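Understanding the architecture of this molecule
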Amino acid sequence: GYTPKLLSSRKEFNGSGYLLIIDVDKFRPGNRAARAFVGFGAGGSSLDLDYQLLDSHNKLVTQWKDGVGSSKGGTYCAQTLNRNTIKRLKGQL
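Summary of the structure given here.

What counts and what doesn't
- Residues numbered from 1 in each chain as written.
- Predicted model: local features only at pLDDT ≥ 70, side-chain atom pairs only at ≥ 80, totals over all residues.
- Heavy atoms only, no water.
- Buried < 20%, exposed > 50% of the residue type's maximum accessible area, 1.4 Å probe, protein only.
- Helix = DSSP H or I, 4+ residues; strand = E, 2+ residues; numbered from the N terminus.
- Pairing = 2+ DSSP bridges.
- Contact = heavy atoms within 4.5 Å.
- Core = buried A, V, L, I, M, F, W, Y, C linked by side-chain atoms within 4.5 Å.
- Axes fitted to C-alpha atoms, helices over the stretch in contact; angles between N-to-C directions.

As a further point, take the pairing of strand S2 (residues 45–54). In terms of residue burial, S2 counts as a mostly covered element, since eight of its ten residues are buried. In terms of strand pairing, strand S1 (residues 19–28) meets S2 through nine bridges, oriented antiparallel. Note on S2: the bridge partner recorded for Ile22 is Tyr51. One ladder, built from ten bridges, connects S2 with strand S3 (residues 60–70); its direction is antiparallel.

The next subject is the side chain of Ser46. Looking at the element boundaries, Ser46 is found in strand S2. Residues contacting Ser46, with those up to four places away along its chain left out, are Lys26, Phe27, Arg28, Val68, Gly69 and Cys77.

With nine residues, the main nonpolar core is built from Leu47, Leu49, Tyr51, Leu53, Trp64, Val68, Cys77, Leu81 and Leu89. Every element with two or more residues in this core is listed here: S2, S3 and helix H2 (74–92). The dominant element in this core, judged by the number of residues it contributes, is S2, at four residues. Non-local contacts of Tyr51, meaning those with residues more than four positions away in its chain, are made with Leu20, Ile21, Ile22, Thr62, Gln63, Trp64, Asp66, Leu81 and Thr85.

Quick look at the sheet that holds S1 now. In a beta sheet, neighbouring strands are held together by backbone hydrogen bonds and run either parallel or antiparallel to one another. In space, the three strands of this open sheet follow the order S1-S2-S3, with antiparallel pairing throughout. Of all strands in the sheet, those with a lone pairing partner are S1 and S3, marking the two edges. Taken over all neighbouring pairs, the strand axes of this sheet differ in orientation by 15° on average, direction set aside. Here H2 sits on the sheet and contacts S1, S2 and S3; the angle it forms with S3, its principal contact strand, is near 150°.

Geometry only, nothing functional implied.
Structural data, given as structure tokens:
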């Protein structure tokens, strides 16, 4: 398995293992009221992220963009992106 560690800055990376940098490209939280009154098709959320994977020598291993939308809210977007990232990293590492 993977043992992730959240760093407050890139300077905290000590060069052991890999560094995954995730930047939020675009986030639309959606509208809860619209989902409640109109239905699940309305007021959807979306989240677009940019990823960079660096090795222990700060060399770029891979980079990619991923984004999803959900009528259920932003949490579901984040969960889907997390699953997509693990699948992608399993192919790289």
